Amino acid sequence: IVLTQSPGNLSVSPGETVTLSCRASQSVSSLDIAWYQQRPGQAPKILMYDTSVRPTGIPDKFDGSGSGTDFTLTISRLEPEDFAVYFCQHYGDSVTFGGGTKVEVK
Amino acid sequence: VQLVESGGGVVQPGRSLRLSCATSGFTFTNYALHWVRQAPGKGLEWVAFISYDGEKKYYADSVKGRFTISRDISRNTVSLQMNTLTPEDTATYYCAREGCSSATCRAELSPVDFWGQGTLVTVSS
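Residues numbered from 1 in each chain as written. Chains lettered and ligands numbered in written order. Predicted model: local features only at pLDDT ≥ 70, side-chain atom pairs only at ≥ 80, totals over all residues. Heavy atoms only, no water.

Q: Which residues make up the overall build of chain B, and what values do they have?
A: Regarding its fold elements, chain B presents zero helices and eleven strands. The order of α-helices and β-strands along chain B, N terminus first, is β-β-β-β-β-β-β-β-β-β-β. For 125 residues, the compact-globule estimate of 2.2 N^0.38 gives 14 Å, and the C-alpha radius of gyration of chain B, at 14 Å, lies within 12% of that figure. The principal-axis extents of the C-alpha atoms in chain B amount to approximately 45 × 25 × 25 Å. The buried share of chain B, taken over its 125 residues, is 49%. Of all intrachain contacts in chain B linking residues separated by at least 6 positions in sequence, the fraction that spans at least 24 positions is 57%. A total of about 5,700 Å² of accessible surface is found on chain B, and carbon and sulfur atoms cover 47% of it. Charge separation in chain B, taken as the distance between the mean sites of 12 positive and 11 negative side-chain charges, equals 3 Å. (Helix = DSSP H or I, 4+ residues; strand = E, 2+ residues; numbered from the N terminus. Rg over C-alpha atoms; globule rule 2.2 N^0.38 Å. Buried < 20%, exposed > 50% of the residue type's maximum accessible area, 1.4 Å probe, protein only. Contact = heavy atoms within 4.5 Å. Areas by Shrake-Rupley, 256 points an atom, 1.4 Å probe, with all protein chains shown as cover. Lys, Arg positive; Asp, Glu negative; His and termini not counted. Charge placed at Lys NZ, Arg CZ, Asp CG, Glu CD.)

Here's what the structure looks like:
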């Protein structure tokens, strides 16, 4: 499975909403997609698993959706700490990461 | 939950290096663990997996036959033995714990919830 994330970079203003895309090279189970956030100099942090399930402590401004080959992560009301790189991941029977989307301040 | 990697450094091409990840704060024998790496300025690349009981081990094609993952239940540690290193192996290596236990995981490979801070491996002559 190859995961292609788009766009590679996104310039947005605080307070805006962004939608990040993750496309799989073949259909995958919606139970096998996760999203991670990585801030500069830090390890990744899980935001979403099973496409749309938020771990404890992740605010509902993060919303995951999708099925088949197309998955999205929507981030509402962007705050300074949300400007980071976001990776999608496929798991289940193999593990791969997408190339990442960098969300930066406009 | 804590995961602390060690063992990184500068190594010449063709040489070996062993990374360790000391874990604490959870029942070590209940959780599977992964190694994930990140080349400077690049994205995440999954490297290896070891099941909660050490019975199952999986590797990325890029490291298969060169890297070996293992776990030591006496020291609650997971290790990555890296042989025949090349400059393409230069990266920060993270160990990470799966977010579900042996009793709750739905799939063989699951997302990770805790990560170490990473250890940098530089392969250069």
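Q: Account for the sheet that holds strand β6 (residues 62-75) of chain A, naming residues and giving values.
A: Strand pairing within a sheet occurs via backbone hydrogen bonds; the two strands may be parallel or antiparallel. Residues and elements named next belong to chain A. Here we have three strands laid out as an open sheet, ordered β1-β3-β6, and antiparallel in their pairing. Edge positions in the open sheet fall to β1 (3-6) and β6, since each of these has one partner strand only. Neighbour-to-neighbour, the strand axes of the sheet open up by a mean angle of 20°, direction not taken into account. One ladder, built from seven bridges, connects strand β3 (residues 18-28) with β6; its direction is antiparallel. Considered in β6, the bridge of Val28 is made with Gly68. (Pairing = 2+ DSSP bridges. Axes fitted to C-alpha atoms, helices over the stretch in contact; angles between N-to-C directions.)

Q: I'd love a proper account of the environment of Asp89(B), names of residues and values included.
A: All names here are of chain B. Summarising the element assignment, Asp89 is placed in the loop between β8 (77-82) and β9 (91-98). The class of Asp89 is buried, set by a relative accessible area of 1%. Separated by 49 residues in the primary sequence, Asp89 and Pro40 have C-alpha atoms spaced 11 Å apart. Not counting the four nearest positions on each side in its chain, Asp89 is found in contact with Arg37, Arg66, Phe67, Thr84, Val121 and Val123.

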